[in-house]
Amino acid sequence: MFEPKIIAYLCTWCSYTGADTAGISRLKSPANIRAIRVPCSGRVSPEIILRTFDQGADGVLVLGCHIGECHYDSGNHRTAKRLPAIRTLMSFAGLEPERLRLDWVSASEGERFARIVNEFTDTVRSLGPVRWRIESTEKINKRESVSSPRVQKQPQIFLPETQAIREKARELLTNQEVECVIGYEMGTHNRTRPAFVYSPDEADRLVWNQECTHNLTRYLNDKLKVKQKAQSGNSQEKKPKAAVVAKPCDSRTINVMLAENRFERDQVYVIGVECGGILETAHRQSLSAKVSEDSGGVYQSKCLRCAEHTPLIADVLIGQATPAESTPSISQEEWLADWDGMSPAERISFWNAQFDRCIRCYACRQACPICDCPSCLYERDDSLWVGMGTGPNQNRTFHLGRAYHLAGRCVDCNECEQVCPMEIPISLLNLAMAKELDHVYGFRAGRAAEPPPFVTILTEDFIARVVEEG
Amino acid sequence: MVSVGRHENIKLLTYSEVESVSGYVGNFNVHVHRKPRYIDESQCTGCGKCAEVCPIEISNSFDLGLSMRKASYRHSAQAVPGAYTIEKAGVAPCRSACPTDQRAQGYIALIRQKRYADAYWAIRREHPFPSVCGRVCNHRCEDACSRGKYDEPVNIMGLKRFVADWAYAHRDELPNMRDKSLVGTPFQHHHPPTGKKVAIIGAGPAGLTAALDLIRLGHAVTVFDSLPVAGGMMRVGIPPHRLPIDMLDWEIQQVIDEGVDIHLNTWVDDIPGLLENGSLGGPYQAVLIATGAHKAKKLSIRNSNHPDNWLSLDVLRRVDLGEKLDLSGKKIVVLGGGNVALDTSRTVLRLGADEVRMACLESRGEMPGFDWEIGVAEEEGVKMCPGRVFKEIVVKDEKITGVRCMEIVFHGFKRGRPDFDEVPGTEHILPADLVIWAIGQGPDFSFLPSDGSINTRYPVGIQTDEDMMTTLPGVFCAGDVHRGMTFFVVDAIGEGHQAARSMDRYLRGENGLKEPRKLPVVELGQKDIEEKFARGEADRRPRIPVSSIPIGERWENFREVDLTMTEAEALAESERCLRCGICSECLECVAACERGAINHEMQDEYLDLKVGTIILATGFKDFDPAKIPELSYGKFPNVITSMEFERMINSSGPTGGKVLLHNGRPPRSVAILHCIGSRDENYHSYCSRACCMYSLKIAQLVHDYVEADVYEIYRDMRTFGKDYEEFYNRTRKKGVHFYHGRVNQIDSEDGRYGGLTVRWNESFYNQPDHVTVDMVILSTGFEPQEDTAQVASIFGVSRSHDGFFLERHPKLAPVETASEGIYLAGACQSPKDIPDSVAQAGAAAAAALSLIDQGIIALDPSIAEVNQARCAGCGQCVASCPYQAIELHNGAAQVNEYLCKGCGTCAASCPNKAMSLIHYNDRQILAEMIGALA
């Protein structure tokens, strides 16, 4: 008979002692459980869970103190939020969700410990050996070509908006209110590219049209972020200031950045632009296309999911307010509707094909305005979290880990997918997390400058639900 | 307890709450809120005189509601410190609603105690003319009265009139009594003469009130009035059938007797002269204009200048000044719908008028006069003609024959002007040979300086700043002339006080009177009111209305129509008061305290204590047996809790040490029920540990002192302590009956008071399963205090599943908590008896002392550390730390190693793994995991 390997992370105060109690009470528990003691269930990070399955565990059990009894006051509140999230993400990528279980066992509940462990072992045993590790041989380097009708058209520069942006930029630079204006200019092949304008004379470089796809707030990290730790703590020094042209999606990013204290609100002057949707650039095809009526182009997929036409945060608003639609043309649920019926095996095989293509160029990470760690967890030479090779397993760990890190922070600006040379549908992972957070906590990243829900404690009614669910 | 209270190194902060704790072991900063006791702890000798005179009786929570206590109280006979405390819930709504700050709840309570003179002083403290406001006030106190939420407000005005009438009836005895009306006010102590002179123009309620206050503050006051009598509108504007003149004159005379220099029949029109040169006995350093609004208005319609157009105020003044007017046979139309119109109509009716009509713009429901008075006027024969506009006074042969009117639809007043639509074709004539105008009155400004140095205000009144000073420095203004229209006497008195305070500040600078401090207003909900009834703090009886003399006795005389309450009625009505504010600030205690310890102005205090260690000893709460329906606690009065028994058997308790049934007789048999709320999966699964032993003690007390049969219905006898088993055996030997069982039903013979049959299951072989007794005592278990969760979060202490505070380790660290430097003692950690509590307290003290003695602390090595080079400063660790041990510094996280407890939540939340936990870092955990999978 199949004997699964199960890793159990036990909190030292309640569950580990509970396991002891079970032993002292001579209660039988299966040998499949390999216990690892941690100070608090809050110590068990989603990355550890991911890594444990990567290493071939058939199931992972996390046990902590009951909510309200945490030895560390509220450490387990975070566990109660993180573990379901990583379960959602991994099951989206093809893991059977039953293989990851979170439960609460107090020091005196030896019987409960034995019951949970037995139950879980039976569950995992009935699921059979884990199929998480991709044993793929055939490299699928070919892109699946998706042909969709597209009318090639010269991008039009929208004159009124362009003029207003130029005037604002000139005014800000002349008055020395900012040191730099980050906007768009025309590049080669009639495509727009980011522009950094430092003097009023250069303001006429700036343009605005329907192909201004880049999320320029990404450059605020370099321009504004307080890097005082490198300097000699001279707080008198003037804080750098910059202006940025922001679409609604970009304005959400600024909210996330403010929540993370990357810079202060008065450091950035937001030139908000009313946006009716951005068109696909020539080299990219959308997964789902809708022909824009006025220009004949194809709207980007993120714009079909976006309900906002006006930036949430702006010091000046430019452009005409487009007719405000209250709901996105395609909701998160609709977008992910196909996934509801997919079996774990189908999901694994879908993602296998996708991750197999990844060349680990890290373009997605570099384009992301949120990804701002000084050195990336997944690009270290110690192979602690992921190997440096481009096998599907490593690639998947990188992408899932990144999706988890962005949960509650990703505002769906979709730059990652835009820049991916291998056309991996990265946004699907981010969307799956966004949907989970919206459903469970009513949280939408970037709506306000607030931290993601994983780090805060549970509300009273949420506790009631968690406790009820057991 | 006393030796602790007196120890030089122990500072007891009673009546205080910890609001927040910051810092860490060795460096705690405890923010304490000291609630005001209103009695100076260092002065109070605990003599209890304040409680003796306090009229407010509320349920005594220490006696579990078995007795009443006063608003000024001592927690218990043995309380440390022994000082009394005055309990205040805030300002009663009645007092807050009154412009004169009348302590209505206070004088009502004094009436209840038949202390009418004290009630009179309480009224007089803010109000020099009680008889007036006992009769003609619009009693905003009653509109605000909390009792109105239940049935009808307390008849506060009626009660005030009762006191005023009592004082008038006993006016010869009053001078022999101690006048307490100045106690507790700024006028309590004699103010030496300041040498400043104040002139007040107008001897009405505002002027006289200000005069009284200023005289008491040591200023020389001269009052001028153009009328031949003092009292202003009170004296010449209220008809005698509503306010007897002799009673009012007596009250005015009392004011004058305090030393006000009053000049009647004197018209003042040179205000700058009063300030500058010697006219009218000047120069004066300050002047108060309080001339009132004595100029009745008249519309300029056709023939309104005819001599038979009279003014309401003229009629009232002539009557009040004693002129014998004869209006017999006259048909009169009174134009106006307010209180003055009503007074005028009822007055002319008494002067013999044949037919009296009242006509006004407003519809019947919108008439500004009091509803009740409109009804009375109609009863007396006044015909109401509301909802019409007056077009013309019809004159034929130089005599008025009527008023031509049109019906209208009235939309109210817009910017001071009436807004209405005339109904076409409704023109008609109201027959009359005399028209009296009562459409409002305004102030006469003809005496103001012609240079405009005193500004008037649009649309009416005199312009003043917040301190009631007019645009001419040194000249103040109060009362109707300030508002520009007729208001109520209380408003004038309130402004009089305010003007006096302002003038005192003007004359003395910073040493002048301050504005009084206001506590928040109490708001009682339906539930609070029901609870007050249940605790016996108010009576449910209905409101007692004011009665009047029969209509037939009212003709052609000015007998007062409304009658005063009888003493019995007043006593009954006073029982209806809900005592909203608890302390009513009647200030009887201030008068009684010989040490001067009482200070009703005491403020909240906030202390910041720097301490190194904290011991929590917040105790427990008794289980409420009303939660268990089969015990019928609260339904059968003879089912009581053990704590209620303890209060009864206590010689200083509510029954003086006697254990009595509800009918006052001692019980002949008593059943004691164990494990109430404890060891029961429906309530609390834990054993409360102390109940078995105290039940045995109760059994012995009942057996020895009440000499009743005792039955102990127990689940398991837990006599685990030293000498406990011996105590149990001794109890058995005394003849106490012990039956094993779990009680599932209590019945009463007559459904309430009669003998109680207690039934149980799980009885032992050969033992009964029921017993019938007179009294049942419930041995209630322990519960965590209601605010345990709040206290836990303030101190950062965890709780176990039963709700009590959680110790760090049940065996190895039983008094420590997970928060370093915070210790537990007593029943806040788990149910325990006194010996165990004392032992644990000793252990907690020793643990705290060992830290103090060492002067250093050893930290757990397993704490979080940051790799600064990797940290992006996103702040997720800061938000996820349960101990606020991480802060961002220069764009990177920093761990406070004293606060960090090593849970590792931060390490798990860090996206870049810049944060790690020493001894549980990622490399170690992953290596363990990989090894386990191998």
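Look above for the structure.
Conventions adopted
Residues numbered from 1 in each chain as written. Chains lettered and ligands numbered in written order. Predicted model: local features only at pLDDT ≥ 70, side-chain atom pairs only at ≥ 80, totals over all residues. Heavy atoms only, no water. Buried < 20%, exposed > 50% of the residue type's maximum accessible area, 1.4 Å probe, protein only. Helix = DSSP H or I, 4+ residues; strand = E, 2+ residues; numbered from the N terminus. Disulfide = S-S within 2.5 Å. Pairing = 2+ DSSP bridges. Axes fitted to C-alpha atoms, helices over the stretch in contact; angles between N-to-C directions. Contact = heavy atoms within 4.5 Å. Salt bridge = Lys/Arg side-chain N within 4 Å of Asp/Glu carboxyl O. Expected span 1.5 Å × (residues − 1). Arc of directions from axis to C-beta. Nonpolar A, V, L, I, M, F, W, Y, C, P; charged D, E, K, R; others polar.

Caption draft 1: Main features of helix H2 (residues 46-54) of chain A. Where burial is concerned, most of H2 of chain A is hidden: nine out of the nine residues are buried. Note on H2 of chain A: the residue one or two positions beyond its end, Gly 56 of chain A, has a positive phi of about 105°.

Caption draft 2: A look at the state of the cysteines. In this structure the tally under the stated criterion is one disulfide over all chains. Here Cys 14 of chain A engages in a disulfide with Cys 65 of chain A; their sulfurs sit 2.3 Å apart. The sign of the S-S torsion, about 100°, decides the handedness of the disulfide formed by Cys 14 of chain A and Cys 65 of chain A: right-handed. Of this pair, Cys 14 of chain A sits in the loop between strand E1 (6-11) and helix H1 (15-24) while Cys 65 of chain A is found in the loop between strand E3 (59-64) and helix H3 (75-92), placing the two residues 51 residues apart along the sequence. In terms of burial, Cys 14 of chain A and Cys 65 of chain A fall into one category: buried. Free of any disulfide, Cys 405 of chain B has its nearest cysteine sulfur in Cys 385 of chain B, 7.7 Å distant. Taking the relative accessible area as the measure of exposure, Cys 405 of chain B reaches 0% and is therefore buried.

Caption draft 3: Spotlight on the sheet that holds strand E30 (residues 742-748) of chain B. Residues and elements named next belong to chain B. Judged by pairing direction, the sheet is antiparallel, and its three strands sit side by side in the order E30-E31-E32 without closing on themselves. Looking at which strands have only one partner, the edges of the open sheet turn out to be E30 and strand E32 (770-773). Neighbour-to-neighbour, the strand axes of the sheet open up by a mean angle of 20°, direction not taken into account. Pairing between E30 and strand E31 (residues 756-761): six bridges, direction antiparallel. By the bridge assignment for E31, Val 743 is matched with Trp 760.

Caption draft 4: Quick look at the environment of Glu 260 of chain A. One can find Glu 260 of chain A in the loop between helix H7 (248-259) and strand E9 (268-273). Its relative accessible area of 3% is what places Glu 260 of chain A among the buried residues. Separated by 164 residues in the primary sequence, Glu 260 of chain A and Glu 96 of chain A place their C-alpha atoms 34 Å from one another. In this view, Glu 260 of chain A contacts Arg 409 of chain A together with Gly 873, Cys 874 and Gln 876 of chain B; residues no more than four positions away in its chain are not counted.

Caption draft 5: Here's a closer look at the pattern of salt bridges. Residues and elements named next belong to chain B. Throughout the structure, instances matching the rule amount to 87 salt bridges over all chains. One salt bridge connects Arg 115 with Glu 588, and the closest N-O pair in it is separated by 3.1 Å. Here Arg 115, found in the loop between helix H4 (104-112) and helix H5 (116-124), pairs with Glu 588, found in helix H20 (residues 588-592); they are 473 residues apart in sequence, far enough to count as distant. The residues Arg 115 and Glu 588 share a single accessibility class, namely buried.

Caption draft 6: Structural detail: helix H5 (residues 159-174) of chain A. All names here are of chain A. Spanning 16 residues, H5 covers 22 Å between terminal C-alpha atoms, matching the ideal 22 Å at 1.5 Å per step. All of the buried residues in H5 are Glu 161, Thr 162, Ile 165, Arg 166, Lys 168, Ala 169, Leu 172 and Leu 173. Viewed end-on, H5 has its buried residues packed into an arc of 165°, placing them on one side of the element. Residues of H5 that are exposed and angled more than 90 degrees away from the buried face: Leu 159, Pro 160 and Thr 174. If you follow the buried residues of H5, they end up packed against strand E5 (180-186), strand E6 (192-197), strand E7 (206-207), strand E8 (242-246), E9 and strand E10 (316-318). One or two positions beyond H5, positive phi appears at Gln 176, with a value near 55°.

Caption draft 7: Main features of the interface of chain B and chain A. Taken residue by residue, the interface counts 50 residues in chain B and 53 residues in chain A. Where chain B touches chain A, the interface holds three salt bridges. A salt bridge links Asp 922 of chain B to Arg 43 of chain A; the shortest N-O distance between them is 2.9 Å. Among the elements of the structure, helix H26 (876-880), helix H27 (905-909) and helix H28 (922-933) of chain B are those that each provide at least two residues to the side of chain B that touches chain A. Residue classes in the side of chain B that touches chain A are distributed as 27 nonpolar, 15 polar and eight charged.

Purely spatial values, then, with no claim about function.
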